[in-house]
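Listed here are the chains, written in short residue letters.
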Amino acid sequence: SGLASVGAEAQEDRPRIVTENGRHALLVDGQPFLMLAAQAHNSSNYPSVLPEVWPAVEALGANTLMIPVAWEQIEPVEGRFDFSYLDALIPQARERGVRLVLLWFGTWKNTGPAYTPAWVKLDRERFPRLVKEDGTESYALSPFGEETLEADRRAFVRLMTYLRDDDADHTVIMVQVENETGTYGSVRDYGQAAQEAFEAEVPAPLLASEGQEGGSWRDVFGEDADEAFHAWSIGSYVGRIAEAGKAVLDLPMYTNAALRDPLKDTDPASYASGGPTDNMLDIWQAAAPDLSLLSPDIYTAESEAYRAALDHYAKPDNPLFVSETGNRVDFARFFFAALGKGAIGFAPFGMDYTGYGNFPLGAKATTPEIIEPFAQVYDLVRPFEREWARLAYESEVFGAARPDDDAPQTLDLGDWTARVDYDLWQFGQPDWTFLGDDLHREPDENAGVLIARLGENQFLVTGIGARVTFGRTGGGGFTLVSAEEVEWEEGNWRFRRMWNGDQTDYGLNFTDRGAVLRVTLVPDDDR
Ligand code: N0T
């Protein structure tokens, strides 16, 4: 019975995602965990390269490293598996207290087969490519390749078996199944098996989720039928891989999306059709119920589009995880926007010192200077990362990222509002021009604010390069009773000092030094 109870405990401590009242948490070691992540470059998944990865992870102050595991690397010869990479990676992560998210690069990596072993790539009979509408072959593997699915699933199961047997304390907290699926240049597969499936009825589970009794793809999805069919085909394939993996070790699994334009409907011929784009989330959820979430890879640094992308993926039935974002300085601010929407994690892409840069998506090369603004925003939350994750799950959180036009924003906190200004100095009001003619401050690129509700009239506030001014929704007087600067220590907020006088007379002004405030407000009529 001793052994059985140890087993039960280990089961309980397995990383998992929980949802209550439309809010989510990733539990790691039984408690909410916030992934302050770094994603490595695509070819950093070798023991010889890890010495160039860890220093960047450390400079960033990340608690999680996302790094690929390639099918070609674990099964170079069919049926012969090699996990020497993980033998190196996992203990090195554990030693550093860094958790891992493994990215399974299998059938689809940025939609293509580049990470499949040569014995897959070169055998087009056994592992067919999909067929385009004009009858020619696409570069991409077909989701109707039964043997491809079989083979990918077998390898993935071996990976999960390795984790079950060799990662008992769950250094690996999550697994990404495939990478940016979908197909460029063909809205769906027009090969024979695909065509037959397209001409048949929509499968029952999808009909049920659409609330329909029966019908063809055209009947149910109209002009989106081709894309919906492809999303269902790829989603089911990925779902079956996830299902088999989870049967071995039930870790949270997800897959990521190459986004379409977040602000408008565009032709699926112009993006990775069939991937988990914002318009296909319902279909993907029905096709792959074993995935805990679908995540956006956000490479637009335009603030309105970024916000829209976050909104598409932050839903009561889909925990937000920004699994990739650009690592240029103008992306760092969106950390605040993501966390404010309850994100369970955030990951700038390309955070290692291998010398590669994916400019213009991200930086020209990853250097300590590139990492610094991200380190700065992580550093604000890192000391109380789990408390933040708990508040996002059990209470309410809010965030604001500096918009492109640096205009002030007003956050709706229920009975309270928080106005956020980005271009003000710490003292005085912007119209005090009698003190000087240019009171305008150039905003910090990575400026933003985070707020968490501690009680009806109490909030935790932190930020960079912003002035926060509280107000009452609908107006009315109130007293800012106290703005206590606090530090998280051994599970409690420890008082450091009171902000008062100049430090509160003109709003709460956060510089690039960061500070965490516990603000207590009392409405006038309550006194
Ligand atoms: C990402 C990364 C890596 C606005 C690009 C983004 C990563 C993959 N793909 O460095 O390859 O593995 O998930 C695709 C963005 C396409 C261009 C969008 C223009």
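Residues numbered from 1 in each chain as written. Predicted model: local features only at pLDDT ≥ 70, side-chain atom pairs only at ≥ 80, totals over all residues. Heavy atoms only, no water.

Just give me the short version of the overall build of the protein, but keep the residues and values in it.
In terms of helices and strands, the protein carries 16 helices and 23 strands. Its C-alpha atoms give the protein a radius of gyration of 25 Å, near enough to 24 Å, the size a compact globule of 527 residues would have. Judged by the C-alpha coordinates and their principal axes, the protein covers about 80 × 55 × 50 Å. The buried share of the protein, taken over its 527 residues, is 57%. A separation of at least 24 residues holds for 74% of the contacts in the protein among residues at least 6 apart in sequence. Here the protein contributes 44 positively and 87 negatively charged side chains, and the mean placements of these two sets differ by 3 Å. (Helix = DSSP H or I, 4+ residues; strand = E, 2+ residues; numbered from the N terminus. Rg over C-alpha atoms; globule rule 2.2 N^0.38 Å. Buried < 20%, exposed > 50% of the residue type's maximum accessible area, 1.4 Å probe, protein only. Contact = heavy atoms within 4.5 Å. Lys, Arg positive; Asp, Glu negative; His and termini not counted. Charge placed at Lys NZ, Arg CZ, Asp CG, Glu CD.)

Which residues make up the nonpolar core, and what values do they have?
Soluble globular proteins tend to bury their nonpolar side chains together. The biggest cluster of nonpolar side chains holds 114 residues, and the ones touching the most others in it are L65, L86, L89, L102, L163, W217 and W388. The dominant element in this core, judged by the number of residues it contributes, is helix α10 (residues 225-248), at ten residues. Taken domain by domain, the makeup of this core includes at least three residues from each of domain 1 (34-386) and domain 2 (401-526). Those residues in contact with L102, other than ones at most four positions away along the chain, are I67, V69, L86, L89, L159, L163, V172, M174, V175 and Q176. Core analysis: the second largest hydrophobic core is formed by 24 residues, V420, Y422, V449 and L508 among them. (Core = buried A, V, L, I, M, F, W, Y, C linked by side-chain atoms within 4.5 Å. Domains from an automatic or database assignment.)

Provide a residue-level description of the sheet that holds strand β6 (residues 99-109), including the pertinent values.
Around the barrel, which closes on itself, the eight strands sit in the order β4-β5-β6-β9-β10-β11-β12-β13 with parallel pairing between neighbours. Adjacent strand axes in the sheet meet at a mean angle of 30° when their direction is disregarded. Bridging between strand β4 (residues 35-39) and strand β13 (residues 345-348) involves two bridges; their strand directions are parallel. Within the sheet, the bridge partner assigned to M35 lies in β13 and is G345. Each of β4, β5 (64-70) and β13 touches helix α2 (residues 50-60); the most contacted strand, β5, lies at about 155° to it. Most of the contacts of helix α14 (residues 368-381) go to β13, to which it runs at about 165°, and overall it touches β4 and β13. (Pairing = 2+ DSSP bridges. Axes fitted to C-alpha atoms, helices over the stretch in contact; angles between N-to-C directions.)

Quick one: what's the story with the pairing of strand β17 (residues 448-455), residue by residue and with numbers?
The buried count for β17 comes to six of eight residues, which makes it a mostly enclosed element. Summarising the sheet, β17 and strand β18 (residues 458-464) pair through seven bridges and their orientation is antiparallel. Paired with V449 across the two strands is G463, which belongs to β18. The antiparallel hairpin formed by β17 and β18 contains two residues in its connecting segment.

Tell me what's going on with the confidence of the model for the protein, and back it up with residues and numbers.
Low pLDDT means the predicted coordinates in that region are not meant to be read closely. Looking at the protein as a whole, its pLDDT mean stands at 96, while 97% of the residues score no less than 70. With pLDDT under 50 throughout, residues 1-6 is counted as low confidence; its partners more than four residues away or in other chains account for zero contacts. (pLDDT = per-residue confidence, 0-100.)

Help me get a handle on the pattern of salt bridges, residues and values and all.
According to the stated counting rule, one finds 36 salt bridges in the structure shown. Across the salt bridge formed by D29 and R386, the nearest N and O atoms sit 3.9 Å from each other. Remark: R386 occurs in helix α15 (residues 385-394) and D29 occurs in the loop between β2 (23-28) and β3 (31-33); sequence separation between them is 357 residues. Residue D29 is classed as partly exposed on the basis of its relative accessible area of 40%. Two residues, R390 and E387, come together in a salt bridge whose shortest N-O distance is 2.9 Å. (Salt bridge = Lys/Arg side-chain N within 4 Å of Asp/Glu carboxyl O.)

Explain a negative patch on the surface to me, using residue names and the numbers behind them.
Residues E369, E372, D379 and D512 make up a contiguous surface patch of negative charge. Structurally, E372 is set in helix α14. (Patch = residues over 30% accessible without salt bridge, like charges linked within 9 Å, V, L, I, M, F, W, Y side chains within 5 Å. Areas by Shrake-Rupley, 256 points an atom, 1.4 Å probe, with all protein chains shown as cover.)

Can you lay out the site of the ligand for me, pointing to particular residues and giving the numbers?
As a structural note, the neighbourhood of the ligand is formed by N42, K109, N110, N179, E180, N256, D297, Y299, E324, F349, N358 and L361. One of the side-chain N or O atoms of E180 is found 3.0 Å from a nitrogen atom in the ligand. Note that an oxygen atom of the ligand is positioned 2.6 Å from one of the side-chain N or O atoms of E324. A per-class count over the shell around the ligand returns three nonpolar, five polar and four charged. (Near = heavy atom within 4 Å. Polar contact = N/O pair within 3.5 Å; in protein donor to acceptor, adjacent residues only side chain to side chain. Nonpolar A, V, L, I, M, F, W, Y, C, P; charged D, E, K, R; others polar.)

How would you summarise the domain arrangement of the protein if you had to cite specific residues and measurements?
Each assigned domain of the protein is listed here: domain 1 (34-386) and domain 2 (401-526). Computed from C-alpha coordinates alone, the two centres of domain 1 and domain 2 are separated by 37 Å. Listed as interface residues are 21 residues of domain 1 and, on the opposing side, 20 residues of domain 2. In total, about 1,500 Å² of surface goes out of reach between domain 1 and domain 2, with carbon and sulfur atoms giving 64% of it. The largest per-residue losses of area from domain 1 upon contact with domain 2 belong to R333, F336 and F384, which jointly make up 43% of the total buried on that side. (Buried area = accessible area lost by both parts, 1.4 Å probe.)

Describe in detail the side chain of R402, supporting the description with residues and values.
Assignment of secondary structure puts R402 in the loop between β14 (397-401) and β15 (409-412). Reaching out from R402, the side chain makes a polar contact with the side chain of D406 at a distance of 3.0 Å. What R402 contacts, discounting residues up to four positions off in sequence, is S303, R333, Y422, P443, D444, E445, A447 and G448.

Describe the sheet that holds β15, with residues and values.
Ordered by their spatial adjacency, four strands build an open sheet running β15-β16-β19-β22, and the pairing between neighbours is antiparallel. Each edge of the open sheet is held by one strand with a lone partner, namely β15 and β22 (508-510). Shown here is a sheet whose adjacent strand axes are inclined to one another by a mean of 25°, direction ignored. Direction of pairing for strand β19 (residues 466-472) relative to β22: antiparallel, over a ladder of three bridges. Looking at the pairing, R467 lines up with N509 of β22.

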